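The lines below spell out each chain.
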Amino acid sequence: MKTVFSGIQPSGELHLGNYLGAIRNWVSLQDQYRCIFCIVDYHAITQTYEPKEMSRRVTDMVVDLLALGIDPERSLLFLQSTVPEHTELAWVFNNVIGMGVLERMTQYKDKSEHQPDNVNVGLFTYPVLQAADILLYKAEAVPVGQDQLQHIELARDVARAFNHRFGKVFPECEALMTNLPKLLGLDGKQKMSKSLGNQIPLNVFGNDKAMRKLLAKAVTDSARVTREDPGNPDNCPTVGQMHKAISSPEDNAWVREGCTTAGIGCADCKAKLGDNMNAHFASYVERRAELVANPGRVEEVLAMGAQKARALAQRTMSEVHKKLGLLRPKASA
Ligand code: SF4
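How each quantity is defined
- Residues numbered from 1 in each chain as written.
- Predicted model: local features only at pLDDT ≥ 70, side-chain atom pairs only at ≥ 80, totals over all residues.
- Heavy atoms only, no water.
- Near = heavy atom within 4 Å.
- 1 Å grid on protein atoms, 1.4 Å probe; cavity = no way out; pocket = protein on both sides within 12 Å on 5 of 7 lines; lining within 4 Å.
- Sits in = over half its atoms within 2 Å of the grid points.
- Helix = DSSP H or I, 4+ residues; strand = E, 2+ residues; numbered from the N terminus.
- Nonpolar A, V, L, I, M, F, W, Y, C, P; charged D, E, K, R; others polar.
- Points joined across faces, edges and corners; volume = space filled by probe spheres on them.
- Expected span 1.5 Å × (residues − 1).
- Bend = angle between axes of the 7 residues up to and from the residue.
- Buried < 20%, exposed > 50% of the residue type's maximum accessible area, 1.4 Å probe, protein only.
- Polar contact = N/O pair within 3.5 Å; in protein donor to acceptor, adjacent residues only side chain to side chain.
- Salt bridge = Lys/Arg side-chain N within 4 Å of Asp/Glu carboxyl O.

With reference to specific residues and values, describe the site of the ligand.
Near the ligand you find Thr-220, Asp-221, Arg-224, Pro-233, Cys-236, Val-239, Val-255, Cys-259, Cys-266 and Cys-269, and these make up its full shell. Taking a 2 Å distance to the grid points as the criterion, the majority of the atoms of the ligand fall inside the largest cavity. Mapped by element, the contributors of at least two residues to the shell around the ligand are helix H11 (249-260) and helix H12 (266-280). Partitioned by chemical class, the residues of the shell around the ligand number seven nonpolar, one polar and two charged.

If you had to explain the layout of surface pockets to someone new, which residues and values would you point to?
As a volume, the second largest pocket reaches approximately 260 Å³. If you trace the second largest pocket, you find 17 residues lining it, with Thr-3, Arg-34, Ile-36, Leu-76 and Leu-312 closest to the centre. Sorting the residues of the lining of the second largest pocket by element identifies strand E2 (34-39) and helix H14 (296-324) as the ones contributing at least two each. Broken down by class, the residue content of the lining of the second largest pocket amounts to seven nonpolar, three polar and seven charged.

Report on helix H7 (residues 121-135), specifying residues and quantitative values.
Taking 1.5 Å per residue, 15 residues should reach 21 Å; H7 reaches 21 Å between its end C-alpha atoms and fits that length. Maximum bend of H7: about 40°, positioned at Pro-127. For H7, the buried fraction is high: 12 of the 15 residues fall into the buried class. Those residues of H7 that fall on the buried side of the exposure criterion are Leu-123, Phe-124, Tyr-126, Pro-127, Val-128, Leu-129, Gln-130, Ala-131, Ala-132, Asp-133, Ile-134 and Leu-135. The opening residue of H7, the one whose side-chain oxygen lies 3.1 Å from the backbone nitrogen of Gly-122, is Asn-120.

Describe empty space enclosed by the protein, listing the residues and the values that go with them.
This model, assessed by the stated rule, comprises three cavities of 30 Å³ or more. The space that makes up the largest cavity amounts to roughly 90 Å³. Considering the residues around the largest cavity, the lining is formed by 13 residues, among which Cys-236, Val-255, Cys-259, Cys-266 and Cys-269 are closest to the centre. Among the secondary structure elements, those contributing two or more residues to the lining of the largest cavity are helix H10 (239-246), H11 and H12. The class makeup of the residues in the lining of the largest cavity is eight nonpolar, two polar and three charged. A volume near 50 Å³ is recorded for the second largest cavity. Around the second largest cavity, the lining residues are Met-105, Gln-107, Tyr-108, Lys-111, Leu-123, Tyr-126, Pro-127 and His-151. Secondary-structure elements contributing two or more residues to the lining of the second largest cavity are helix H6 (106-114) and H7.

Describe the pattern of salt bridges, listing the residues and the values that go with them.
Scanning the model with the defined rule gives 18 salt bridges in all. For the salt bridge of Glu-319 with Lys-138, the shortest nitrogen-to-oxygen distance reads 2.6 Å. Here Lys-138 lies in the loop between H7 and strand E4 (141-144) and Glu-319 lies in helix H14, a separation of 181 residues in the sequence. Judged by its relative accessible area of 31%, Glu-319 is partly exposed. Residue classification places Lys-138 among the partly exposed residues on the basis of a relative accessible area of 25%. Across the salt bridge formed by Asp-234 and Arg-256, the nearest N and O atoms sit 2.8 Å from each other. Of the two residues, Asp-234 is situated in the loop between helix H9 (208-216) and H10 and Arg-256 in helix H11; the sequence distance between them amounts to 22 residues. Taken together, the shared-partner salt bridges in this structure form one network comprising Glu-153, Arg-156, Asp-157, Arg-160 and Glu-172.

The structure is reproduced here in structure tokens:
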């Protein structure tokens, strides 16, 4: 069974875009791969953030991941900063990869533009830590979208450079291309994102009134100016896309027929979507309530994950130390 690694920044409660764009795929990957899921809090500190909020962000995220179906008995779920070998290996990799390679990373440029008052070194070396995250576990595959391909290429370059200079330790991981929808936010303009405030947080499910109030705000096909104007679900940036991702083929056929003939209004369409989302997230709502009532479970999962991850990480680092020729006094080997 191949090992798959994937990381996610602790943004707090997940939203529908996170679920459809990544987590739903993670849940199904557990059936085919040995999965390692890491909450990358050391990556998160490269951005401006509020330290007081960090532990709550991590806890909320773990609650959501478990409630959505990440199974800590089958998969490894842990917090990056509890396994110091990640940063240790990143330092080693800093010495095998050239500045020019990092300068070409587009995400560095994008992120620097987003926070011009905090262009820190961590932002620049972020892809090196990402390569360490993957290679520490000798992951053979990484689920990525198109925008992440450059990072996987870099991890492969790092593995090749290390192996060439010091001897083979790391596999060259493959990109597990995922053709997942990039859900636009309720504004219908930009990718769904908590920072843009255009999201449907998953924890709104279970509160039907609040969820439908959010859906009411969703931008629809601009061709439907009045109830009588026909539209097209393909041009409906939010509701049409959510139906495709969540609703049954029968309901999608109903939406298409009703939308293109003006047989239904957008309110009818959103009401159907609300019903389907309630059904889709019913077990999530139930499991989430159980986890919220039992906060010790999150700590237990993270402690178990850290222990297992460290054992794997230390095994890799021991090989790395040998290849680098570092002296290991017996007591610290
Ligand atoms: Fe969008 Fe549905 Fe309205 Fe068509 S009927 S524009 S798919 S909300």
